[in-house]
Protein chains: 6
Amino acid sequence: MTRFANRNNDELRPLSIEPGCVKNAAGSCFIKFGDTHVLCSATVEDKIPPFLRNTGRGWITAEYGMLPCASTERTEREAVKGRQSGRTQEIQRLIGRALRASVDLTLLGERQIKIDCDVIQADGGTRTASISGGFVALAQAVLSLLKRRKMNKNPIVRQVSAISCGVIEGHALLDLDYAEDSNAEVDANFVMDEHLNVIEIQATAEKQPFSRQTFDSLLTLAEKGAKEVADAQRVLFQ
Amino acid sequence: MTRFANRNNDELRPLSIEPGCVKNAAGSCFIKFGDTHVLCSATVEDKIPPFLRNTGRGWITAEYGMLPCASTERTEREAVKGRQSGRTQEIQRLIGRALRASVDLTLLGERQIKIDCDVIQADGGTRTASISGGFVALAQAVLSLLKRRKMNKNPIVRQVSAISCGVIEGHALLDLDYAEDSNAEVDANFVMDEHLNVIEIQATAEKQPFSRQTFDSLLTLAEKGAKEVADAQRVLFQ
Amino acid sequence: MTRFANRNNDELRPLSIEPGCVKNAAGSCFIKFGDTHVLCSATVEDKIPPFLRNTGRGWITAEYGMLPCASTERTEREAVKGRQSGRTQEIQRLIGRALRASVDLTLLGERQIKIDCDVIQADGGTRTASISGGFVALAQAVLSLLKRRKMNKNPIVRQVSAISCGVIEGHALLDLDYAEDSNAEVDANFVMDEHLNVIEIQATAEKQPFSRQTFDSLLTLAEKGAKEVADAQRVLFQ
Amino acid sequence: MTRFANRNNDELRPLSIEPGCVKNAAGSCFIKFGDTHVLCSATVEDKIPPFLRNTGRGWITAEYGMLPCASTERTEREAVKGRQSGRTQEIQRLIGRALRASVDLTLLGERQIKIDCDVIQADGGTRTASISGGFVALAQAVLSLLKRRKMNKNPIVRQVSAISCGVIEGHALLDLDYAEDSNAEVDANFVMDEHLNVIEIQATAEKQPFSRQTFDSLLTLAEKGAKEVADAQRVLFQ
Amino acid sequence: MTRFANRNNDELRPLSIEPGCVKNAAGSCFIKFGDTHVLCSATVEDKIPPFLRNTGRGWITAEYGMLPCASTERTEREAVKGRQSGRTQEIQRLIGRALRASVDLTLLGERQIKIDCDVIQADGGTRTASISGGFVALAQAVLSLLKRRKMNKNPIVRQVSAISCGVIEGHALLDLDYAEDSNAEVDANFVMDEHLNVIEIQATAEKQPFSRQTFDSLLTLAEKGAKEVADAQRVLFQ
Amino acid sequence: MTRFANRNNDELRPLSIEPGCVKNAAGSCFIKFGDTHVLCSATVEDKIPPFLRNTGRGWITAEYGMLPCASTERTEREAVKGRQSGRTQEIQRLIGRALRASVDLTLLGERQIKIDCDVIQADGGTRTASISGGFVALAQAVLSLLKRRKMNKNPIVRQVSAISCGVIEGHALLDLDYAEDSNAEVDANFVMDEHLNVIEIQATAEKQPFSRQTFDSLLTLAEKGAKEVADAQRVLFQ
């Protein structure tokens, strides 16, 4: 089995992260995993969810969208359909949960940082790209708050990066593109910190239930991928 | 650390499954894991989703709901709010995906079986109870189709059962109740077949990222729990 | 004309009321008229409707729902359709109005009691069963408030019970089941207090307009039925 | 107790019906009961509800609306709120049900007549005025179909008229205006045919449950009122 | 080319404005341009939009609706569809913007005047009729506030009137009716003050792009029409 | 008065059009007027609006959206609010109407081309940029249909370009940025073809009504701007 562009089974697609690309956002980046392109931006808001009022703690939340022409077949605009799909809600809940793991919400204080992840072009792995890029936008927004002395202590306690893996024809592969994802027997997403501890695992048998051994091989691949994404994130802040 | 009713760390809550409880449904059961009570019922429909028309294949889908008074605090009725929450959609997508793994959709033929999972009382683990009970309702509906000769060959290719696990104060625990779930450091749901191969894993760090070793101990617990649920399901069909 | 199970024309279906069945509710009961089963529960809320703020008066309101598999043909989930049907709204407005008649809203004080009526199985007469069961849940919630000294004086001023009647092939019948209801020439619902004074009448000609004499015979039947329901309610509070 | 303009207890407000007032409708009238003014119009459609397809039978349905400035306090526009209120749906279901009683749906054939009732000014009794005026619009539309030979036999089998009654300070009154309605102890609406047989009764205790005797006195008043409305309708078609 | 009723190309349809027609509104009028009939009413509210709070300034806003039977083909009720169409929103935004030009919002003070424009019968030009009639309702409401000393100084700084023009078969025509509008090559709406200065222009090529000269001829016609409407408005306030 | 970057009153902001930027679309471009950046893409669909079925004619329609972080203040996502705002609908109706003017719908045949205009960054003039860029995407899609012989004759009959103008402190200015737009006394948008005939004019007095002379000076500026935009479009197709 040969992957597109002769990619190795444990090789990421070309990864680039262009920080600060959105003029009006507190933090932002344009992240690309091959032909998957996501614009991530962060907005700092004074308003927090009702259940956090007067707790001294803050919140991180995320919203996810896809431009109608991002995918091979045009997808109908959710603003026209009048609601976000179950898939969209599932993804944005995942992004928010993953990014909250990077922050000490008490140090953040009573403010909310909202991360917008908008897919400009989709070729598989948009949710993991959103998490990895979302962390960069979030970190930029926090650094800007520190620089402007709106905050005294950095609330970011760890990096968050994410990557997808899967099994095709019995082979474990890192960072599936859309064509691979559509044919995968197992599809898994991993969110990790820079020490490769796990923040979230979602693994689904698409065709056949899979063994514990198969899962282990995916987790090993994910550790390699997450490390490379974390390295690419870290270089932006040095 | 002592669990409610002196339950062992690897012990399920009292489990009961009452099949055939809904007079008008093709298949149904009332499943209880301790104080978590879910009514599962199956409806066979001739209408299939548009993308399956003229493929000869069928579909399994699920809907999930919670009575307003099921939980400690009354939850607002989704029919009144005018939409299903992101949590509800995420859960019913999971149930449907899990149950589809039990069926050969080509043998099912061009029909859809819809599984309704309605939580009458909630005390943690409603999504895994819904999957485990949903399988019983689905199997009953299929058996009824076979008996009435609407189908020649049984399309059910494996059992599907599900269980939650978690970590509290460093201890891995099986089948969390609501009080435990609210304090868990890690929260994980596992869907498996009767051979303990994996259909779906969802694991989330609620407080701290967790190690590969921790995850392994949860998976081992899940295998024990899933086996017991599968045994309880199987006895109904003998 | 013979009724199912040789029931007499002026005979209720087997009636049972199981109080206190919902662990988390302030008051609850599971009421059955034959195969019509409704779960009724009461929640006490501090929030009252805007038009009652600072009046010292409280409010009783109701919500009604039907599980998708409750009826012969599966009904679509209202949370999925995105709105409550006109029928649902009409029924829950009726339940709320009927139950408000049982309470002195000034003695209730600035609180709202919300009655949830969820039909688990439907075989005709779900709205009258909801009112009769809703009264039990409401009374339980009030007794609990009195016991916990949240209230000094019992605001319940009368019992409320309800029953349906109808005309089939010229015969006036009490407590129609679904098969009867579908063929009725006249369909009527009566809400009464324990002295058989009227709280609400809704009578509809389904096929032919009906005479004053016909209506009188239905009202006489309703008095018999409402008395029996009121007796069954009363026994729970003695 | 003196009524506005020295009206007798069994006296209608000044009633006028101006037929044919809407240029584009198949049938229409502008009906006034005192300061309650409703524009009723009828549209004939070839499309029928799905459950009637290929049955040879037709349908009558109704929609009800109120201009924002019709009532004393401006009411928010339902198109802005994004949904019809429970009250609106309850009323339009009543109007449709009442008017269907006037027609042999098999003679009507596979077509639907939709009756729009729009309240231009509201002073109590808008639902009964809508029914009484809706019948005129419906009858006009049917006559036009007969005249244009779209139909061979008149499907109208009876007149439908409606009137409200109520009890204030113990007195039974006919045709309540808004001020009376707001203070009524009992509020009742009656729909009758020209022989004073009953099509629908809705009677509600607003303050105290009422006796069978009280109800009887309201029914007697309603017979007088319905007869006068029916006479006013009939004169338009002679 | 001959217009209906031998109207000249620069001639308005018969125009009438009946002020004060809605009993419950602060200001109102029923305006007719030929067979286009619009009911306009004004409501004074203490509530202002959030962005104006504590600015001392007020606001004018408008809502537009059309009765289902107003047009040749019945239009579906927006309250039933669950939302206002893009056309409706575009029109009511235009009406609000146009009428705000007539008022010094600081003199108005922190209150909002809402103008409801409901089309009873539609024959072209409903948006311009709504603006012209809306101004009369607004002015009445303001005069009433002055008379009741809720305001010291008249905030109305200019009249606002509006008219449509168009090109058919190369001829520039004033005040198109529906038949003309449907065939127009150019369709234009003009809002002006009493000195014929421009408040809003919307001109659209329906078939062919048009020249600057054509536009100039429409503007000249519009000046004539707007002057006549302004004269008809002014006579009501003398 | 000095404009940003010393721009002359009749000078466009730096304009660039990058065609073919969206991999999956039939036609696309990324258009920039200074800091206003819009992604335009075209999708060809076989489905046409119901009113065009069996007419042999096609349709051009447009949808408009703005990323949440495009503007200075984050705007709420319309998919979250559950509906497109009146402003969005007004803009997308304008874009569609303007682009339809460029095409002979009969030559287009029974197909629809949908133009998506998504604002990545907003600094004034997003609707005119959308029209100018939308034309490029549309023309690309049409050329591709011709090249693939899905069509025999080019249905594009003219170019469409658009530009905004305004008056600030009495000066007529071309191509307003956001800061200028917010302070303009008059705000006008012009859509023209390559011969500078007019397709649409929308001119609004934001502070004071304006004279015919003022409007003329804006129209003269618009002719200069539209010509430059048309030249920039044309160079892409040579």
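Worth saying up front: this structure is predicted, and the values here are computed from it rather than measured.

A.B. asks: Looking at this structure, I do not really get the relation of the copies chain A and chain F. What am I missing?
C.D. replies: Mapping between the two chain copies consists of a rotation about an axis together with a translation along that axis. Of the transformation superimposing chain A on chain F, the axial component is 0.0 Å and the angular component is 180 degrees, with the fit at an RMSD of 0.0 Å. The two molecules are tied by a two-fold rotation axis, judged by turn and shift. An overlap of 100% is found between the interface residues of chain A and their copies at the interface of chain F, pointing to a shared contact surface.

A.B. asks: Explanation requested: the interface of chain F and chain E in the structure shown.
C.D. replies: Many structure descriptions define interface size as the accessible area lost when the parts assemble. Taken together, the contact pairs 30 residues of chain F with 30 residues of chain E. Across the chain F to chain E interface the summed buried area is about 2,600 Å²; carbon plus sulfur atoms make up 45%. The three residues of chain F that bury the most area against chain E are F:Glu90, F:Pro209 and F:Arg212, which together make up 24% of that side's buried surface. Connecting chain F to chain E are six salt bridges. For F:Arg212, the salt bridge is made with E:Asp216, and the minimal N-O distance between the two is 3.9 Å. At the level of secondary structure, the elements contributing two or more residues to the side of chain F that touches chain E comprise α2 (86-100), β9 (198-205) and α6 (212-235) of chain F. Ranked by residues supplied to the side of chain F that touches chain E, first place goes to β9(F) with eight residues. As paired strands, strand β9 (residues 198-205) of chain E and β9(F) are joined by five bridges and run antiparallel to one another.

A.B. asks: Is there a simple way to think about the packing of aromatic side chains in this case?
C.D. replies: Each aromatic ring pair is summarised here by two numbers: the centre-to-centre distance and the angle between the ring planes. For the structure on display, the rule yields 15 aromatic pairs over all chains. Plain terms: the ring middles of B:Phe190 and B:Phe215 are 6.0 Å apart, the flat faces sit at 40 degrees to each other, and that makes the pair tilted. In this pair, B:Phe190 sits in strand β8 (residues 186-192) while B:Phe215 sits in helix α6 (residues 212-235), placing the two residues 25 residues apart along the sequence. Neither B:Phe190 nor B:Phe215 differs from the other in exposure class; each is buried. Taken together, A:Phe190, A:Phe215, B:Phe190 and B:Phe215 form an aromatic cluster joined through their ring pairs.

A.B. asks: Would you take a moment to explain the sheet that holds strand β7 (residues 171-174) of chain A for this structure?
C.D. replies: Sheets are built from strands paired through backbone hydrogen bonds, the pairs being either parallel or antiparallel. Taken together, eight strands build an open sheet; the order of strands is β7(A)-β6(A)-β8(A)-β9(A)-β9(B)-β8(B)-β6(B)-β7(B) and the sheet is antiparallel. Of all strands in the sheet, those with a lone pairing partner are β7 of chain A together with β7 (171-174) of chain B, marking the two edges. Mean inter-strand twist for the sheet, computed between neighbouring axes without regard to direction, equals 15 degrees. As paired strands, β8(B) and strand β9 (residues 198-205) of chain B are joined by seven bridges and run antiparallel to one another. Note on β9(B): the bridge partner recorded for B:Asp187 is B:Thr204. Taken strand by strand, helix α4 (residues 126-147) of chain A contacts β6 (161-168), β8 (186-192) and β9 (198-205) of chain A, and its axis lies near 160 degrees from that of β6(A). Sheet strands touched by α6(B): β9 of chain A together with β6 (161-168), β7, β8 and β9 of chain B. Its angle to β6(B), the strand with the most contacts, is close to 145 degrees.

A.B. asks: I tried to follow the pattern of salt bridges on my own but got confused; where do I start?
C.D. replies: A pair can form between side chains of opposite charge whenever their charged atoms are brought close. Going through the model one piece at a time under the given rule, you end up with 121 salt bridges over all chains. Close ionic contact of D:Asp231 with D:Arg234 constitutes a salt bridge, the shortest N to O distance being 3.2 Å. Placement of both D:Asp231 and D:Arg234 in helix α6 (residues 212-234) is noted, with a separation of three residues, approximately one turn of the helix. In the salt-bridge network here, residues are joined through shared partners; they are D:Glu45, D:Glu63, D:Lys114, D:Asp116, D:Asp118, E:Arg74 and E:Arg77.

A.B. asks: Would you take a moment to explain the pairing of strand β8 (residues 186-192) of chain E for this structure?
C.D. replies: The side chains of a regular strand alternate between both faces of the sheet. All names here are of chain E. With seven of its seven residues buried, β8 lies for the most part within the structure. Residue alternation in β8 divides its side chains into two sets, Val 186, Ala 188, Phe 190 and Met 192 and Asp 187, Asn 189 and Val 191, and both sets are buried. Counting the residues in the hairpin turn of β8 and β9 gives five residues, including Leu 196, whose phi is positive at 65 degrees.

A.B. asks: Is there a simple way to think about the sheet that holds strand β2 (residues 27-33) of chain C in this case?
C.D. replies: Residues and elements named next belong to chain C. The sheet built from five strands is open, its strands ordered β1-β2-β3-β5-β4 with mixed pairing. The open sheet is flanked by β1 (15-19) and β4 (59-66), the only strands paired with a single partner. The average angle at which neighbouring strand axes cross in this sheet is 20 degrees, direction not considered. In this structure, β1 lies alongside β2, joined through five bridges in antiparallel fashion. Residue pairing across strands places Pro 19 opposite Cys 29, the latter belonging to β2.

A.B. asks: Explain the arrangement of the chains here, please?
C.D. replies: Separated without contact, chain B and chain D have their nearest C-alpha atoms at a distance of 10 Å. Chain C makes no contact with chain F; the smallest distance between any of their C-alpha atoms is 12 Å.

A.B. asks: Would you explain helix α6 (residues 212-235) of chain C in this entry?
C.D. replies: In this model α6(C) runs 35 Å from its N-terminal to its C-terminal C-alpha over 24 residues, within 8% of the 34 Å that 1.5 Å per residue would give. Those residues of α6(C) lying buried are C:Phe215, C:Leu218, C:Leu219, C:Leu221, C:Ala222, C:Glu223, C:Gly225, C:Ala226, C:Val229, C:Ala230 and C:Gln233.

A.B. asks: Sorry if this is basic, but what is going on with the confidence of the model for chain A here?
C.D. replies: A low pLDDT score tells you not to read the predicted coordinates there in detail. Residue-level pLDDT values for chain A average 96, and 100% of them are 70 or greater. This complex was scored by the predictor with a pTM of 0.91 and an ipTM of 0.94.

A.B. asks: Sorry, what's going on with the nonpolar core here?
C.D. replies: Soluble, globular proteins show a tendency: their nonpolar side chains are buried together. Residues A:Phe190, B:Phe190, C:Phe190, D:Phe190, E:Phe190 and F:Phe190 are the most contacted members of the largest nonpolar core, which totals 427 residues. Not counting residues up to four positions away in its chain, the partners in contact with A:Phe190 are A:Ser161, A:Ala162, A:Ile163, A:Cys165, A:Glu200, A:Ile201, A:Phe215, A:Leu218, A:Leu219 and A:Ala222.

A.B. asks: Please explain the interface of chain A and chain F as it appears in this structure.
C.D. replies: Facing the 34 residues of chain A at the interface are 34 residues of chain F. Buried area between chain A and chain F, summed over both chains or domains, comes out near 2,500 Å², and the portion from carbon and sulfur atoms is 49%. On the surface where chain A and chain F come into contact, there are 12 salt bridges. For the salt bridge of F:Lys23 with A:Asp35, the shortest nitrogen-to-oxygen distance reads 2.8 Å. One can count 16 residue pairs in polar contact (both at pLDDT 80 or more) joining chain A with chain F. Looking at the side of chain A that touches chain F, the elements that each hand over two or more residues are β3 (36-45), β4 (59-66), α1 (78-81) and β5 (112-121) of chain A. For the side of chain A that touches chain F, a count of residues per class yields 13 nonpolar, nine polar and 12 charged.

Conventions and cut-offs
- Residues numbered from 1 in each chain as written.
- Chains lettered and ligands numbered in written order.
- Predicted model: local features only at pLDDT ≥ 70, side-chain atom pairs only at ≥ 80, totals over all residues.
- Heavy atoms only, no water.
- Least-squares fit on C-alpha atoms with pLDDT ≥ 70 in both.
- Contact = heavy atoms within 4.5 Å.
- Buried area = accessible area lost by both parts, 1.4 Å probe.
- Salt bridge = Lys/Arg side-chain N within 4 Å of Asp/Glu carboxyl O.
- Helix = DSSP H or I, 4+ residues; strand = E, 2+ residues; numbered from the N terminus.
- Pairing = 2+ DSSP bridges.
- Phe/Tyr/Trp six-rings, centres within 6.5 Å; stacked < 30°, edge-to-face > 60°.
- Buried < 20%, exposed > 50% of the residue type's maximum accessible area, 1.4 Å probe, protein only.
- Axes fitted to C-alpha atoms, helices over the stretch in contact; angles between N-to-C directions.
- Expected span 1.5 Å × (residues − 1).
- pLDDT = per-residue confidence, 0-100.
- Core = buried A, V, L, I, M, F, W, Y, C linked by side-chain atoms within 4.5 Å.
- Polar contact = N/O pair within 3.5 Å; in protein donor to acceptor, adjacent residues only side chain to side chain.
- Nonpolar A, V, L, I, M, F, W, Y, C, P; charged D, E, K, R; others polar.

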